[in-house]
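A closer look at the structure
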Amino acid sequence: MLKNPIVNPIPQPECEPITENEFLKTFVIPDNTVMEEHTIVVEGDIIIGNHSDIRYGLIADSVILGERVKLSGNITTASDVRIDMWSQIGGTVRTDSNAYLGEFVTIDGKLVVKGDLDIGNDVKINGGFEARGWIVIRNPIPVIAYLFMYLSEMLRMGKDEEVERALEELFEDEMEAVSDVAMIIPNGSRISIDTIRVPSKAVIGNNCRLVGNIRAMSLQMGDNNTLYGSIRTVGDTMIGENNSIHGNIISRGDVYVSQGSHILGEINARSIKIHETARVDGVLRSQKGTVFEREHSEVISEDELMNLDV
(Lines give C-alpha, C1' and ligand atoms only; values in the text may rest on other atoms or scores of the structure.)
Protein backbone atom coordinates (compact mmCIF):
# COMPACT_ATOMS: atom_id res chain seq x y z
CA MET A 1 0.00 0.00 0.00
CA LEU A 2 1.32 3.45 -0.94
CA LYS A 3 0.18 6.78 0.37
CA ASN A 4 0.57 9.84 -1.85
CA PRO A 5 2.91 8.29 -4.46
CA ILE A 6 4.63 10.81 -6.73
CA VAL A 7 7.02 10.62 -9.63
CA ASN A 8 8.91 13.87 -9.06
CA PRO A 9 12.43 13.07 -7.80
CA ILE A 10 13.51 14.22 -4.35
CA PRO A 11 17.13 14.96 -3.52
CA GLN A 12 19.11 11.97 -2.28
CA PRO A 13 20.69 12.61 1.14
CA GLU A 14 24.45 12.88 1.03
CA CYS A 15 26.95 11.65 3.63
CA GLU A 16 28.28 14.67 5.47
CA PRO A 17 31.82 14.54 6.85
CA ILE A 18 32.27 14.78 10.61
CA THR A 19 33.84 18.13 11.50
CA GLU A 20 36.16 18.71 14.45
CA ASN A 21 33.34 20.39 16.39
CA GLU A 22 31.16 17.29 15.96
CA PHE A 23 33.95 14.80 16.63
CA LEU A 24 32.84 13.87 20.16
CA LYS A 25 29.17 14.78 19.61
CA THR A 26 28.43 12.21 16.90
CA PHE A 27 27.67 8.57 17.65
CA VAL A 28 30.08 6.63 15.44
CA ILE A 29 30.01 2.87 14.88
CA PRO A 30 33.06 1.72 12.90
CA ASP A 31 33.20 -1.07 10.33
CA ASN A 32 32.85 -4.68 11.52
CA THR A 33 31.38 -3.79 14.92
CA VAL A 34 29.45 -6.65 16.52
CA MET A 35 26.97 -6.33 19.39
CA GLU A 36 26.82 -9.74 21.04
CA GLU A 37 24.49 -10.79 23.82
CA HIS A 38 26.55 -9.14 26.56
CA THR A 39 29.48 -7.51 24.76
CA ILE A 40 30.29 -4.90 22.11
CA VAL A 41 33.27 -5.97 20.00
CA VAL A 42 35.23 -3.30 18.09
CA GLU A 43 38.42 -3.77 16.09
CA GLY A 44 39.80 -0.34 17.10
CA ASP A 45 39.23 2.00 20.05
CA ILE A 46 36.15 2.90 22.10
CA ILE A 47 35.56 6.39 23.52
CA ILE A 48 32.59 6.90 25.86
CA GLY A 49 31.49 10.39 26.89
CA ASN A 50 30.49 11.57 30.35
CA HIS A 51 27.30 10.41 32.10
CA SER A 52 26.65 7.58 29.64
CA ASP A 53 24.96 4.31 30.61
CA ILE A 54 26.23 1.26 28.71
CA ARG A 55 24.55 -2.06 29.51
CA TYR A 56 27.26 -4.09 27.78
CA GLY A 57 30.82 -5.21 28.20
CA LEU A 58 33.54 -3.99 25.82
CA ILE A 59 36.24 -5.72 23.77
CA ALA A 60 38.50 -3.30 21.88
CA ASP A 61 42.08 -2.25 21.23
CA SER A 62 41.79 0.53 23.83
CA VAL A 63 38.97 1.99 25.93
CA ILE A 64 38.51 5.54 27.26
CA LEU A 65 35.63 6.27 29.65
CA GLY A 66 34.60 9.76 30.74
CA GLU A 67 33.25 10.88 34.09
CA ARG A 68 30.35 9.08 35.79
CA VAL A 69 30.01 6.40 33.15
CA LYS A 70 28.10 3.26 34.09
CA LEU A 71 29.21 0.07 32.35
CA SER A 72 27.48 -3.19 33.18
CA GLY A 73 29.92 -5.74 31.75
CA ASN A 74 33.62 -6.54 31.45
CA ILE A 75 36.34 -4.52 29.69
CA THR A 76 39.02 -6.35 27.70
CA THR A 77 41.69 -4.45 25.76
CA ALA A 78 45.04 -5.02 24.05
CA SER A 79 46.16 -1.42 24.68
CA ASP A 80 45.47 1.11 27.45
CA VAL A 81 42.36 1.50 29.58
CA ARG A 82 41.50 4.97 30.89
CA ILE A 83 38.56 5.39 33.28
CA ASP A 84 37.72 8.85 34.60
CA MET A 85 36.30 9.89 37.98
CA TRP A 86 33.19 8.39 39.56
CA SER A 87 32.71 5.78 36.83
CA GLN A 88 31.31 2.36 37.72
CA ILE A 89 32.31 -0.90 36.05
CA GLY A 90 29.99 -3.84 36.72
CA GLY A 91 32.47 -6.54 35.68
CA THR A 92 36.18 -7.30 35.34
CA VAL A 93 38.78 -5.07 33.65
CA ARG A 94 41.63 -6.80 31.77
CA THR A 95 44.30 -5.07 29.72
CA ASP A 96 47.52 -6.23 28.06
CA SER A 97 48.93 -2.72 28.53
CA ASN A 98 48.51 0.08 31.09
CA ALA A 99 45.49 1.19 33.14
CA TYR A 100 44.61 4.67 34.40
CA LEU A 101 41.85 4.98 37.01
CA GLY A 102 40.54 8.31 38.28
CA GLU A 103 39.21 9.09 41.73
CA PHE A 104 36.21 7.24 43.14
CA VAL A 105 36.13 4.67 40.33
CA THR A 106 34.39 1.42 41.29
CA ILE A 107 35.15 -1.96 39.69
CA ASP A 108 32.85 -4.74 40.88
CA GLY A 109 35.04 -7.48 39.41
CA LYS A 110 38.80 -7.94 39.19
CA LEU A 111 41.45 -5.64 37.68
CA VAL A 112 44.19 -7.40 35.69
CA VAL A 113 46.92 -5.14 34.26
CA LYS A 114 49.94 -6.51 32.40
CA GLY A 115 51.57 -3.07 32.27
CA ASP A 116 51.63 -0.13 34.70
CA LEU A 117 48.74 0.95 36.93
CA ASP A 118 48.10 4.65 37.60
CA ILE A 119 45.35 4.89 40.19
CA GLY A 120 43.61 7.77 41.97
CA ASN A 121 42.32 8.04 45.54
CA ASP A 122 39.28 6.18 46.87
CA VAL A 123 39.18 3.63 44.05
CA LYS A 124 37.28 0.45 44.90
CA ILE A 125 38.21 -2.84 43.25
CA ASN A 126 35.96 -5.45 44.82
CA GLY A 127 37.56 -8.47 43.14
CA GLY A 128 41.18 -7.51 43.84
CA PHE A 129 43.84 -6.60 41.28
CA GLU A 130 47.01 -7.84 39.57
CA ALA A 131 49.60 -5.51 38.02
CA ARG A 132 52.93 -6.63 36.57
CA GLY A 133 54.37 -3.14 36.11
CA TRP A 134 54.68 -0.05 38.30
CA ILE A 135 51.83 0.98 40.57
CA VAL A 136 51.40 4.71 41.17
CA ILE A 137 48.78 5.98 43.63
CA ARG A 138 48.10 9.70 43.31
CA ASN A 139 45.43 12.35 42.83
CA PRO A 140 46.04 13.66 39.30
CA ILE A 141 44.37 16.83 38.04
CA PRO A 142 41.69 16.02 35.44
CA VAL A 143 42.94 16.67 31.94
CA ILE A 144 40.32 19.31 31.13
CA ALA A 145 41.03 21.24 34.35
CA TYR A 146 44.77 21.15 33.69
CA LEU A 147 44.35 22.47 30.14
CA PHE A 148 42.03 25.25 31.35
CA MET A 149 44.54 26.39 33.99
CA TYR A 150 47.42 26.28 31.52
CA LEU A 151 45.64 28.24 28.78
CA SER A 152 44.27 30.79 31.27
CA GLU A 153 47.76 31.52 32.55
CA MET A 154 49.11 31.86 29.00
CA LEU A 155 46.34 34.31 28.10
CA ARG A 156 46.97 36.32 31.27
CA MET A 157 50.60 36.67 30.21
CA GLY A 158 49.51 37.93 26.78
CA LYS A 159 50.92 34.99 24.84
CA ASP A 160 48.07 34.65 22.36
CA GLU A 161 50.24 33.12 19.63
CA GLU A 162 51.54 30.44 22.00
CA VAL A 163 47.97 29.58 23.01
CA GLU A 164 46.86 29.25 19.39
CA ARG A 165 49.84 27.05 18.58
CA ALA A 166 49.24 24.89 21.67
CA LEU A 167 45.60 24.35 20.70
CA GLU A 168 46.57 23.34 17.17
CA GLU A 169 49.13 20.84 18.50
CA LEU A 170 46.63 19.53 21.05
CA PHE A 171 43.89 18.79 18.51
CA GLU A 172 46.43 17.31 16.10
CA ASP A 173 47.68 14.93 18.78
CA GLU A 174 44.16 13.99 19.85
CA MET A 175 43.08 13.18 16.31
CA GLU A 176 46.18 11.06 15.75
CA ALA A 177 45.76 9.27 19.08
CA VAL A 178 42.37 7.89 18.06
CA SER A 179 42.32 5.28 15.33
CA ASP A 180 40.22 5.55 12.20
CA VAL A 181 38.11 2.64 13.44
CA ALA A 182 37.15 4.17 16.78
CA MET A 183 33.68 3.79 18.24
CA ILE A 184 32.61 7.14 19.69
CA ILE A 185 29.71 7.33 22.16
CA PRO A 186 28.71 10.95 23.00
CA ASN A 187 27.92 12.34 26.45
CA GLY A 188 24.67 11.14 27.96
CA SER A 189 24.13 8.18 25.63
CA ARG A 190 22.12 5.14 26.67
CA ILE A 191 22.87 1.74 25.12
CA SER A 192 21.16 -1.49 26.10
CA ILE A 193 19.92 -4.62 24.37
CA ASP A 194 16.61 -2.81 23.77
CA THR A 195 17.62 0.74 22.90
CA ILE A 196 20.49 2.74 21.42
CA ARG A 197 19.65 6.32 22.39
CA VAL A 198 22.10 9.09 21.47
CA PRO A 199 21.70 12.89 21.73
CA SER A 200 22.84 13.81 18.22
CA LYS A 201 23.51 12.24 14.80
CA ALA A 202 24.52 8.62 14.28
CA VAL A 203 26.97 7.31 11.68
CA ILE A 204 27.23 3.55 11.11
CA GLY A 205 29.98 1.92 9.05
CA ASN A 206 29.92 -1.31 7.04
CA ASN A 207 29.53 -4.99 7.91
CA CYS A 208 28.12 -4.39 11.40
CA ARG A 209 25.73 -6.50 13.46
CA LEU A 210 23.70 -4.31 15.81
CA VAL A 211 20.95 -4.93 18.34
CA GLY A 212 18.51 -2.35 19.68
CA ASN A 213 16.10 0.36 18.59
CA ILE A 214 18.15 3.36 17.45
CA ARG A 215 16.99 6.83 18.52
CA ALA A 216 19.03 9.71 17.07
CA MET A 217 18.72 13.15 15.50
CA SER A 218 19.76 11.78 12.09
CA LEU A 219 21.32 8.58 10.79
CA GLN A 220 23.70 7.53 8.04
CA MET A 221 24.24 3.80 7.55
CA GLY A 222 26.86 2.19 5.34
CA ASP A 223 26.59 -1.16 3.52
CA ASN A 224 26.04 -4.81 4.47
CA ASN A 225 24.76 -4.16 8.00
CA THR A 226 22.18 -6.04 10.04
CA LEU A 227 20.12 -4.18 12.64
CA TYR A 228 17.78 -6.11 14.93
CA GLY A 229 15.64 -3.14 15.82
CA SER A 230 13.93 -0.04 14.49
CA ILE A 231 15.20 3.44 13.59
CA ARG A 232 13.60 6.69 14.74
CA THR A 233 15.10 10.06 13.80
CA VAL A 234 14.20 13.74 13.77
CA GLY A 235 16.28 14.54 10.70
CA ASP A 236 17.14 12.58 7.56
CA THR A 237 17.90 8.85 7.45
CA MET A 238 20.06 7.29 4.75
CA ILE A 239 20.36 3.51 4.42
CA GLY A 240 23.19 2.19 2.23
CA GLU A 241 23.33 -0.96 0.13
CA ASN A 242 22.43 -4.53 1.14
CA ASN A 243 21.36 -3.74 4.69
CA SER A 244 18.79 -5.66 6.69
CA ILE A 245 16.63 -3.67 9.15
CA HIS A 246 14.46 -5.89 11.37
CA GLY A 247 12.06 -3.12 12.32
CA ASN A 248 10.45 0.15 11.24
CA ILE A 249 12.01 3.40 10.05
CA ILE A 250 10.21 6.46 11.40
CA SER A 251 11.55 9.92 10.63
CA ARG A 252 10.38 13.52 10.57
CA GLY A 253 12.85 14.10 7.75
CA ASP A 254 13.56 12.34 4.45
CA VAL A 255 14.41 8.65 4.16
CA TYR A 256 16.55 7.13 1.41
CA VAL A 257 16.94 3.36 1.02
CA SER A 258 19.64 2.21 -1.38
CA GLN A 259 19.74 -0.88 -3.57
CA GLY A 260 19.53 -4.36 -2.14
CA SER A 261 18.44 -3.28 1.35
CA HIS A 262 15.57 -5.02 3.12
CA ILE A 263 13.29 -3.25 5.61
CA LEU A 264 11.22 -5.84 7.42
CA GLY A 265 8.87 -3.22 8.88
CA GLU A 266 7.27 -0.04 7.56
CA ILE A 267 8.64 3.38 6.64
CA ASN A 268 6.98 6.56 7.85
CA ALA A 269 8.70 9.82 6.86
CA ARG A 270 8.32 13.29 5.36
CA SER A 271 9.41 11.90 1.99
CA ILE A 272 10.78 8.55 0.84
CA LYS A 273 13.16 7.64 -1.95
CA ILE A 274 13.78 3.94 -2.41
CA HIS A 275 15.74 1.94 -4.97
CA GLU A 276 13.74 -0.53 -7.06
CA THR A 277 15.88 -3.44 -5.84
CA ALA A 278 15.23 -2.60 -2.18
CA ARG A 279 12.45 -4.39 -0.37
CA VAL A 280 10.02 -3.06 2.23
CA ASP A 281 7.67 -5.57 3.86
CA GLY A 282 5.44 -2.99 5.52
CA VAL A 283 3.55 0.13 4.52
CA LEU A 284 5.18 3.24 3.04
CA ARG A 285 3.77 6.50 4.44
CA SER A 286 5.12 9.88 3.40
CA GLN A 287 3.73 13.41 3.66
CA LYS A 288 5.48 14.67 0.51
CA GLY A 289 5.40 11.48 -1.51
CA THR A 290 7.42 8.38 -2.42
CA VAL A 291 9.86 7.92 -5.28
CA PHE A 292 11.12 4.59 -6.64
CA GLU A 293 14.56 4.89 -8.17
CA ARG A 294 15.82 2.74 -11.03
CA GLU A 295 19.34 2.28 -12.36
CA HIS A 296 20.89 5.39 -13.91
CA SER A 297 18.55 7.56 -11.79
CA GLU A 298 15.51 6.62 -13.91
CA VAL A 299 12.19 7.39 -12.25
CA ILE A 300 9.26 5.02 -12.46
CA SER A 301 6.19 6.32 -14.26
CA GLU A 302 2.74 6.57 -12.69
CA ASP A 303 1.40 3.55 -14.64
CA GLU A 304 4.35 1.39 -13.58
CA LEU A 305 4.08 2.66 -10.02
CA MET A 306 0.44 1.61 -9.72
CA ASN A 307 1.36 -1.93 -10.86
CA LEU A 308 4.14 -2.38 -8.29
CA ASP A 309 3.58 -5.01 -5.64
CA VAL A 310 5.05 -3.54 -2.43
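Up top is the structure.
Described below are features of the structure shown in this document.

Procedures and definitions
Residues numbered from 1 in each chain as written. Predicted model: local features only at pLDDT ≥ 70, side-chain atom pairs only at ≥ 80, totals over all residues. Heavy atoms only, no water. Helix = DSSP H or I, 4+ residues; strand = E, 2+ residues; numbered from the N terminus. Buried < 20%, exposed > 50% of the residue type's maximum accessible area, 1.4 Å probe, protein only. Contact = heavy atoms within 4.5 Å. Areas by Shrake-Rupley, 256 points an atom, 1.4 Å probe, with all protein chains shown as cover. Patch = residues over 30% accessible without salt bridge, like charges linked within 9 Å, V, L, I, M, F, W, Y side chains within 5 Å. Salt bridge = Lys/Arg side-chain N within 4 Å of Asp/Glu carboxyl O. Pairing = 2+ DSSP bridges. Polar contact = N/O pair within 3.5 Å; in protein donor to acceptor, adjacent residues only side chain to side chain. Core = buried A, V, L, I, M, F, W, Y, C linked by side-chain atoms within 4.5 Å. Domains from an automatic or database assignment. Phe/Tyr/Trp six-rings, centres within 6.5 Å; stacked < 30°, edge-to-face > 60°. Lys NZ or Arg CZ within 6 Å of the ring centre and 35° of its normal.

**Regarding the overall build of the protein chain**
For the protein chain, the count of helices and strands is three helices and 38 strands. Burial statistics for the protein chain: of 310 residues in total, 43% are counted as buried. Looking at the protein chain alone, contacts between residues at least 24 apart form 22% of all its contacts between residues at least 6 apart. For the protein chain, the computed accessible surface area is about 16300 Å², with 48% contributed by carbon and sulfur atoms.

**Some details on a nonpolar patch on the surface**
A contiguous nonpolar surface patch, about 310 Å² in accessible area, is contributed by Phe 129, Ile 135 and Ile 137. Looking at the secondary structure, you find Phe 129 in strand β18 (residues 129–131).

**Digging into the sheet that holds strand β14 (residues 106–107)**
Ordered by their spatial adjacency, twelve strands build an open sheet running β17-β14-β11-β8-β5-β21-β22-β25-β28-β31-β34-β37, and the pairing between neighbours is mixed. What marks the edges here is a single partner per strand, and that holds for β17 (124–125) and β37 (284–286). In the sheet, strand β21 (residues 190–191) pairs with strand β22 (residues 195–197) via two bridges, with the strands oriented antiparallel. When the sheet's bridge partners are listed, Arg 190 is paired in β22 with Arg 197.

**A few points about the pattern of salt bridges**
Counted according to the given criterion, the structure contains nine salt bridges. Across the pair Lys 110 and Glu 130 runs a salt bridge, and its minimum N-O distance is 2.8 Å. Residue Lys 110 is found in the loop between β14 and β15 (111–113), and its partner Glu 130 is found in strand β18; the two are separated by 20 residues along the sequence. Via salt bridges that share partners, Asp 236, Asp 254 and Arg 270 belong to a single interconnected network.

**Describing the environment of Arg 55**
You can see Arg 55 is positioned in the loop between β5 (53–54) and β6 (57–60). Linking Arg 55 and Ile 193, residues 138 residues apart in sequence, is a C-alpha distance of 7.4 Å. Discounting residues that sit within four places of it in the chain, Arg 55 has contacts with Ser 72, Ile 191 and Ser 192. There is a polar contact of 3.0 Å between the side chain of Arg 55 and the side chain of Asp 53.

**Topic: the side chain of Thr 77**
Topologically, Thr 77 is positioned in strand β9 (residues 75–77). According to the relative accessible area criterion, Thr 77 is buried, its value standing at 3%. Leaving out residues up to four positions away in the same chain, Thr 77 has contacts with Ala 60, Asp 61, Ser 62, Val 63, Arg 94, Thr 95 and Asp 96.

**Quick look at the nonpolar core**
In terms of nonpolar packing, the biggest core is built from 60 residues, with Phe 27, Leu 65, Ile 75, Leu 101, Ile 191 and Ile 267 touching the most fellow members. Viewed by domain, this core spans two of them, domain 1 (23–137) and domain 2 (200–293), each represented by three or more residues. When residues no more than four places from it in sequence are discounted, the contact partners of Ile 75 are Leu 58, Val 63, Leu 65, Val 81, Ile 83, Ile 89, Thr 92, Val 93 and Arg 94.

**Topic: the packing of aromatic side chains**
As enumerated under the stated definition, the model contains one aromatic pair in all. On the basis of an interplanar angle of 15° and a centroid distance of 4.2 Å, the ring pair of Trp 86 and Phe 104 is categorised as stacked. With Trp 86 in the loop between β10 (81–83) and β11 (88–89) and Phe 104 in the loop between β13 (99–101) and β14, this pair connects stretches of sequence that are 18 residues apart. The class of Trp 86 is partly exposed, set by a relative accessible area of 39%. Taking NZ or CZ as reference, Arg 82 lies 4.0 Å from the ring centre of Tyr 100, over its face.

**Topic: the environment of Ser 72**
On the secondary structure map, Ser 72 appears in the loop between β8 (70–71) and β9. What makes Ser 72 partly exposed here is its relative accessible area of 41%. Each C-alpha atom of the pair Ser 72 and Leu 58 lies 9.6 Å from the other, and the pair is 14 residues apart in sequence. The contacts of Ser 72, once residues within four sequence positions are left out, are Ile 54, Arg 55, Tyr 56, Gly 90 and Gly 91.

**Some remarks on unusual backbone geometry**
Not every positive phi belongs to a glycine, and Arg 68 is a case in point at roughly 55°. In this fold, Arg 68 is placed in the loop between β7 (62–65) and β8. Phi at Asn 242 is positive, roughly 55°, even though this residue is not glycine. Topologically, Asn 242 is positioned in the loop between β29 (237–239) and β30 (244–245). The partly exposed category is assigned to Asn 242, whose relative accessible area is 43%.

Take it as geometry only, folks, not as evidence of what the structure does.
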